[in-house]
Amino acid sequence: MKQGDFTKLAESYIHRTGYSEVILRYIAEHALESFDSLKIADVGAGTGKLTENLANLGYPLTAVEPNDAMREEGKRYTSGKNVNWQKGSGEETGLETNSVNWLLMGSSFHWVDFRKGLEEFQRVLMPGGFFTAIWNPRNLEVSELHTSIENQIRQFVPSLKRVSSGSGEFTKTLSRALASSGLFTDVVYMEQEYDVIMSVERYMGAWHSTNDIQAQAGPETWAKIIRMIENEISGMKEIVVPYKTRAWTAKSLK
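These numbers come from a predicted model, not from an experiment.

**Here we look at the packing of aromatic side chains**
The geometry of an aromatic ring pair comes down to the distance between the two centres and the angle between the two planes.
Then, number 1: A full pass over the atoms with the stated rule returns 12 aromatic pairs.
Then, number 2: Seen from their ring centres, Phe121 and Phe131 are 4.8 Å apart, and the 35° between their planes marks the pair as tilted. Placement of Phe121 in helix H4 (residues 114-124) and of Phe131 in strand S5 (residues 125-135) is noted, with a sequence separation of 10 residues between them. As far as burial versus exposure is concerned, Phe121 and Phe131 are alike and both buried.
Then, number 3: Here Trp135 and Trp248 contribute two aromatic rings whose centre-to-centre distance is 5.6 Å and whose plane-to-plane angle is 85°, an arrangement assigned as edge-to-face. Here Trp248 lies in strand S7 (residues 238-252) and Trp135 lies in strand S5, a separation of 113 residues in the sequence. With respect to burial, Trp135 and Trp248 carry one shared label: buried.
Then, number 4: Three or more aromatic residues joined by ring pairs form one cluster here, namely Phe109, Phe114, Phe121, Phe131, Trp135, Phe170, Phe184, Tyr189 and Trp248.

**Digging into the sheet that holds strand S3 (residues 83-86)**
Then, number 1: One open sheet holds the 7 strands; their spatial order is S3-S2-S1-S4-S5-S7-S6, and the pairing between them is mixed. The open sheet has two free edges, formed respectively by S3 and strand S6 (184-199), since each of these has just one partner strand. With direction set aside, neighbouring strand axes in the sheet form an average angle of 20°.
Then, number 2: Looking at chain direction, strand S1 (residues 40-43) and strand S2 (residues 61-64) are connected through 4 bridges and run parallel. Paired with Ala41 across the two strands is Thr62, which belongs to S2.

**Things to note about the pattern of salt bridges**
Then, number 1: Enumeration according to the criterion identifies 10 salt bridges in this entry.
Then, number 2: One salt bridge in this structure joins Asp68 and Arg71, with 2.7 Å as the shortest N-O distance. Of the two residues, Asp68 and Arg71 both sit in helix H3 (residues 68-77), 3 residues apart, roughly one turn of that helix.
Then, number 3: By relative accessible area, which is 40% here, Asp68 ends up partly exposed.
Then, number 4: Its salt-bridge partner being Arg138, residue Glu150 comes within 2.7 Å of it at the nearest N-O pair. Here Arg138 lies in the loop between S5 and helix H5 (144-156) and Glu150 lies in helix H5, a separation of 12 residues in the sequence.
Then, number 5: With a relative accessible area of 6%, Glu150 lands in the buried category.
Then, number 6: By sharing partners, the salt bridges in this structure join Asp68, Arg71 and Lys87 into a single network.

**Remarks on the pairing of S1**
Then, number 1: Burial along S1 is two-sided: the residues Ile40 and Asp42 and Ala41 and Val43 are all buried.
Then, number 2: Each parallel crossover has a hand, and for S1 linked through helix H2 (residues 49-56) to S2 it is right-handed.
Then, number 3: For S1 and strand S4 (residues 100-106), the ladder comprises 3 bridges, and the chain directions are parallel. For Asp42, the partnering residue across the bridge sits in S4 and is Leu104.

Reading guide: rules and limits
Residues numbered from 1 in each chain as written. Predicted model: local features only at pLDDT ≥ 70, side-chain atom pairs only at ≥ 80, totals over all residues. Heavy atoms only, no water. Phe/Tyr/Trp six-rings, centres within 6.5 Å; stacked < 30°, edge-to-face > 60°. Helix = DSSP H or I, 4+ residues; strand = E, 2+ residues; numbered from the N terminus. Buried < 20%, exposed > 50% of the residue type's maximum accessible area, 1.4 Å probe, protein only. Pairing = 2+ DSSP bridges. Axes fitted to C-alpha atoms, helices over the stretch in contact; angles between N-to-C directions. Salt bridge = Lys/Arg side-chain N within 4 Å of Asp/Glu carboxyl O. Right-handed = clockwise from strand over helix to strand, strands pointing away.

Next comes the structure, spelled out in structure tokens:
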């Protein structure tokens, strides 16, 4: 499995949790208050977890995803909702110039060429439009179980570099990087902690959707990691998984 290639993981993404709709409501009230019509884009939409959150809030939107398998799974997952799916990437969305009020990337901005992505987002956004980069990492520090699992994973893969957690090096300087880009201003950061109760099946399914660990561990070590996690939750009927939605929102200088 290649790092960043989610083709083989598309069906497992159904087990992942969505994002804090509380945070999304707060951002939407600020980002959309001056626009008469709503035009929203979820770029790097994957199988539609963030897309579903936005649709549940009543917003019509366009979901943009480069991976064919993920996009097809997203179409099925959001069937019946007011969502238009199309192929595109963070660097080349395929969206029209000045066509979107609010553009979001859910757990995917770290995969994009930073400068090319921001230039593309500014092109797509209407004057005064907003960009939000949002992640939903597990809140490890409040859970002994998940801290233990994470520590044991690093024993299996000592050189592991997590790239999709939303709590890594990329996000440490994100506010400063957005503000100094010359393309965006008024950067606002928000976060919310919350718990999700998962069945064992869903919990293990969520682990199977993890790309960065699988790609770096390799098949044999990954199988050992899965057995370790299964042993850690042995006897449990439900697992309480703590999350922390983290969102950075910036206004276009256009």
